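Spelled out, the chains give:
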Amino acid sequence: MAPSKDFQILAQVMRFSPDVLCAIDSKGLIQAVNAAFLQVLRYEEVELLGNPFTDIVHPDDRPAALHMAAGKQAEAVEFECRCVGRAGQEIVLAWSVFPAPADELLLCASRNVTAERQAARQAQAQAELNEVLVQYGFDMVGLMNEEGIYTYLGGSIQATLGYGPSQLLQHNAFDYIHPEDLHKVQACWQMLSTHPVVSIADFRFRAANGEWKWVETSIRNQTQNPAIGAYVVSSRDITERKQSAFEREEREQRFRLLFENNLSLAVFQGTTGVVLDMNPAFLAFLKQPKQAVVGKQLIDFMPVEV
C-alpha cells in the first residue's frame, strides 16, 4: 500500500522540523522518529523503531502515556511526561498528539521543557525556604544533611557568631560544639529519626573569634520535603541570659554562705511574718531544728515577756 498523504506530509515535516517528533501506531509502537528526537534522547533510530513508546517514559508517568498511545482519541490531546534518555537522564517533554486515521498513526510533536520545570522546582524550593526564614525571623537559620554538615546558612549567623557566608558551609556542626555539651546534642540529633521536631535547651557553640556562645536550638526534619530535603536548624543566642543566670546563682551562693556562717542571728520572713529560713546561729539560740520553725510565726518562739 502506498503511503497516505498524511504520512507523506509527516515524513517531510519530520525531516526538516527542529521539534521533537515521532509517529506511533495503534499498538503504541514507534514507527518513525526525527533527528531532533534522537538528539534530545540520545538514542539510535534502530533502538526505537518497532518498540513501545512507553519504554522511554518514566515509570511514574506511564499511565498518561499509555492512555495517549491507545490511539483512540478523535481529536488532538496534550500531556506532559518525563522521558528517560539513553544515558538514564530524565527529560521532560510537553506533547501534542494528533490522530492520522488514514494510516492508523498518532503524530506526536513535543517540546523539551526540562529547563523550565527545573527552574519552577528551584523557584518553589526557594519560596519554601524563604517561608522558613520568615518564620524564624532574626534567628540563626541553617540547613544540614543527615551527617550534620551545613548546606545552607542564613539569618543572623554572621552578626551573632562572626562567620562569613561561606565559612561554615560544608563543615560539620558537631565540630563547633563544646566537648562537654557534645554528647547531649548528639543524643538529641538521634531523636530526629522518630520525632519531626527536636529542641535542645542550651549548649555552647564556638564563635569565629574562639569564644563560646550559648545557644538554644530547634531542629525540624524536612528531609522528605522535596523542596528542602534537609534538616532545618534554627538557633538563638542566649549567652547574655545564661551569664545573667550564672551571676544570679553566684550572688545567691555568696549570700547563702554569709547567711549560713554569720554569727549574728539571721532569719528570712514572708510578708505575713512566717519564717522562710533561719541561720544556724538563730536555730542554736532557739534550740530548735530548722524543720520546727520554718512555716511558723517567729513570735511563737519568743519568750512571753518579749
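In this text the structure is predicted, and so the values were computed from the model without any measurement.

Enquirer: Sorry, what's going on with the overall build of the chain here?
Expert: Helices and strands together make up the secondary structure of the chain, namely ten helices and twelve strands. Here the chain, with 306 residues, has 39% of them falling under the buried criterion. Counted over contacts in the chain with a minimum sequence separation of 6, partners at least 24 positions apart contribute 36%. Element-wise, carbon and sulfur atoms account for 53% of the exposed surface of the chain, whose accessible area totals about 18,500 Å².

Enquirer: Mind showing me how you'd approach helix α7 (residues 179-190) here?
Expert: The periodicity of an α-helix, 3.6 residues per turn, causes residues three or four places apart in sequence to face the same way. If you check α7, its first and last C-alpha atoms are 17 Å apart, about what twelve residues at 1.5 Å a residue would give, namely 16 Å. Along α7, the residues classified as buried are Asp-181, Val-185, Cys-188 and Trp-189. Across the axial projection of α7, the buried residues extend over an arc of 100°, all falling on one side. Exposed side chains of α7 directed beyond 90 degrees from the buried face belong to Pro-179, His-183 and Gln-190. In this structure, the buried side of α7 is in contact with β6 (140-144), β8 (197-206), β9 (212-222) and β10 (230-237).

Enquirer: Just to check I follow, could you spell out the packing of aromatic side chains for this structure?
Expert: The geometry of an aromatic ring pair is captured by two quantities: the separation of the ring centres and the angle between the planes. Counted under the stated rule, the structure contains seven aromatic pairs. Their ring planes at 85° and their centres at 5.8 Å tell us that Tyr-163 and Tyr-176 sit as a pair that is edge-to-face. Note that Tyr-163 is positioned in the loop between α6 (157-161) and α7 and Tyr-176 in the loop between α6 and α7, a separation of 13 residues in sequence. Neither residue differs from the other here; Tyr-163 and Tyr-176 are each classed as buried. Seen in terms of ring centroids, Phe-282 and Phe-285 are 6.2 Å apart; in terms of plane orientation they differ by 70°. Their pairing is edge-to-face.

Enquirer: What should I look at first to understand the side chain of Thr-239 in this one?
Expert: Mapped onto the fold, Thr-239 is located in helix α8 (residues 239-261). On the basis of relative accessibility, which here comes to 10%, the residue Thr-239 falls in the buried class. Within polar-contact distance, the side chain of Thr-239 engages the side chain of Asp-237 at 2.6 Å.

Enquirer: Is there a simple way to think about the sheet that holds β10 in this case?
Expert: Strands in a sheet are paired, the pairing made by backbone hydrogen bonds, and the direction either parallel or antiparallel. One open sheet holds the five strands; their spatial order is β7-β6-β10-β9-β8, and the pairing between them is antiparallel. With partners counted over all chains shown, the strands left at the sheet margins are β7 (150-155) and β8, one partner each. Each strand axis lies, on average, 25° off the axis of its neighbour in the sheet, ignoring direction. Strand direction decides the pairing type here: β6 and β7, joined by five bridges, are antiparallel. By the bridge assignment, Gly-142 is partnered in β7 with Leu-153. In the packing of α7 onto the sheet, contacts are made with β6, β8, β9 and β10, and the angle to β8 comes to roughly 160°. Running at roughly 130° to β9, α8 makes contact with β8, β9 and β10 of the sheet.

Rules used throughout
Residues numbered from 1 in each chain as written. Predicted model: local features only at pLDDT ≥ 70, side-chain atom pairs only at ≥ 80, totals over all residues. Heavy atoms only, no water. Helix = DSSP H or I, 4+ residues; strand = E, 2+ residues; numbered from the N terminus. Buried < 20%, exposed > 50% of the residue type's maximum accessible area, 1.4 Å probe, protein only. Contact = heavy atoms within 4.5 Å. Areas by Shrake-Rupley, 256 points an atom, 1.4 Å probe, with all protein chains shown as cover. Expected span 1.5 Å × (residues − 1). Arc of directions from axis to C-beta. Phe/Tyr/Trp six-rings, centres within 6.5 Å; stacked < 30°, edge-to-face > 60°. Polar contact = N/O pair within 3.5 Å; in protein donor to acceptor, adjacent residues only side chain to side chain. Pairing = 2+ DSSP bridges. Axes fitted to C-alpha atoms, helices over the stretch in contact; angles between N-to-C directions.

In short, the description is geometric, and any link to function would need to be established separately.
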